[in-house]
Amino acid sequence: MRIDIPDGEEPIPYVWGEMVPGIGPVAAQFSMAVYDRSSLGLREFEAARLRVAQINGCLFCLDWRTERDGERVEESFADAVQDWRSTAAFDERTRLAAEYAERYTLDHHGLDEAFWERMSAHYSQAEIVELSMAIGSWLAFGRLNHVLGLDAVCALPGP
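Cut-off values and rules
- Residues numbered from 1 in each chain as written.
- Predicted model: local features only at pLDDT ≥ 70, side-chain atom pairs only at ≥ 80, totals over all residues.
- Heavy atoms only, no water.
- Helix = DSSP H or I, 4+ residues; strand = E, 2+ residues; numbered from the N terminus.
- Buried < 20%, exposed > 50% of the residue type's maximum accessible area, 1.4 Å probe, protein only.
- Contact = heavy atoms within 4.5 Å.
- Core = buried A, V, L, I, M, F, W, Y, C linked by side-chain atoms within 4.5 Å.
- 1 Å grid on protein atoms, 1.4 Å probe; cavity = no way out; pocket = protein on both sides within 12 Å on 5 of 7 lines; lining within 4 Å.
- Points joined across faces, edges and corners; volume = space filled by probe spheres on them.
- Nonpolar A, V, L, I, M, F, W, Y, C, P; charged D, E, K, R; others polar.
- Expected span 1.5 Å × (residues − 1).
- Arc of directions from axis to C-beta.
- Salt bridge = Lys/Arg side-chain N within 4 Å of Asp/Glu carboxyl O.
- Axes fitted to C-alpha atoms, helices over the stretch in contact; angles between N-to-C directions.
- Parallel < 35°, antiparallel > 145°, perpendicular 65-115°, else oblique.
- Left-handed = near helix turned anticlockwise from the far one by under 90°.

Our next topic: the overall build of the protein. A tally of regular secondary structure across the protein gives 8 helices and 0 strands. When the helices and strands of the protein are listed from N to C terminus, the series reads α-α-α-α-α-α-α-α. Taken over 159 residues, the protein has a buried fraction of 47%. Taking the intrachain contacts of the protein between residues at least 6 apart in sequence as the baseline, contacts between residues at least 24 apart amount to 66%.

Written as structure tokens, this is what we have:
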């Protein structure tokens, strides 16, 4: 960990809450809203989230699986996300979610008109905005936790 945590303090609540009380709790609320209020299907949500986690290298994010109504993606899903270009496990929306997450994270200037035409054929404008905000959240907060060395002790903060 690159941040000194006082004895008896939990790293995530301390860093996100006590160290930056004007920013951290609001950031945590945004992060939780991405999970709690998403209208995206579980598979496309997890494809994008896991692709960002794979690129960020956030240990917690790589191990985390979003649950909705008692459902989670299958164990082999993370491998399919890694191989999003050729896996037979994905429909077009799920494949596009993984692709968008990768391109957003690695080459956002390279999102060309051909890509946006494919996205618009499978996602509504509201879904594109939602997915963009979710990817932005995972990119920022996963990298923040990894860079500060918090990802090995990370737990999603409560509301």
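Following the structure, the description resumes.
This next bit is on the nonpolar core. Met 119, Tyr 123, Leu 131, Ile 135 and Trp 138 are the most contacted members of the largest nonpolar core, which has 31 residues in total. Counting residues per element, the ones that place at least two in this core are helix H2 (24–36), helix H3 (42–56), helix H5 (77–82), helix H6 (92–106), helix H7 (113–122) and helix H8 (125–147). Beyond its immediate sequence surroundings of up to four residues, Leu 131 is in contact with Leu 40, Ala 48, Ala 97, Tyr 100, Met 119 and Tyr 123. Formed by 9 residues, the second largest nonpolar core is a distinct cluster that contains Ile 12, Trp 16, Ala 27 and Ala 28.

Turning our eyes to something else, we now look at the layout of surface pockets. Roughly 160 Å³ of internal volume is contained in the largest pocket. Forming the walls of the largest pocket are Ile 3, Val 15, Trp 16, Met 19, Val 20, Ile 23, Gly 24, Ala 27, Phe 141, Leu 144 and Leu 148. When residues of the lining of the largest pocket are traced back to their parent elements, those giving at least two are helix H1 (11–19), H2 and H8. By residue class, the composition of the lining of the largest pocket is 10 nonpolar, 1 polar and no charged.

Look at Asp 69: it is not a glycine, yet its phi comes out positive at around 50 degrees. Within the secondary structure, Asp 69 sits in the loop between helix H4 (59–63) and H5. A relative accessible area of 82% means that Asp 69 is categorised as exposed.

As a further point, take H2. Helix length check: H2, at 13 residues, gives a terminal C-alpha distance of 18 Å against a target of 18 Å (1.5 Å per residue), a fit within 8%. Listing the buried residues of H2 in full gives Gly 24, Ala 27, Ala 28, Ser 31, Met 32, Val 34 and Tyr 35. What you see down the axis of H2 is that its buried residues fit within an arc of 145 degrees, all on one side. Residues Val 26, Gln 29 and Asp 36 are exposed on H2 and point more than 90 degrees away from its buried face.

Applying the stated criterion across every chain yields a total of 10 salt bridges. A salt bridge links Glu 44 to Arg 93, with the nearest nitrogen and oxygen atoms 2.6 Å apart. One end of the pair, Glu 44, is in helix H3; the other, Arg 93, is in helix H6, with 49 residues separating them in the sequence. Like Glu 44, the residue Arg 93 is buried in the burial classification. A salt bridge links Glu 99 to Arg 118; its shortest N-O distance comes to 2.7 Å. Taken together, the residues Glu 99 in helix H6 and Arg 118 in helix H7 connect sequence positions 19 residues apart. Overall, Arg 118 belongs to the partly exposed group, its relative accessible area being 33%.

Relative orientation of the contacting elements H7 and H8 amounts to 115 degrees, with a least axis distance of 8 Å. The orientation of H7 relative to H8 falls into the category roughly perpendicular. The handedness of the crossing between H7 and H8 is right-handed. Taking contact as the criterion, the partners of Trp 116, Met 119, Ser 120 and His 122 in H7 are, on H8, Glu 127, Ile 128 and Leu 131. Of the residues belonging to the contact of H7 with H8, the class tally is 4 nonpolar, 2 polar and 1 charged.

The values reported here are purely geometric and, on their own, carry no functional implication.
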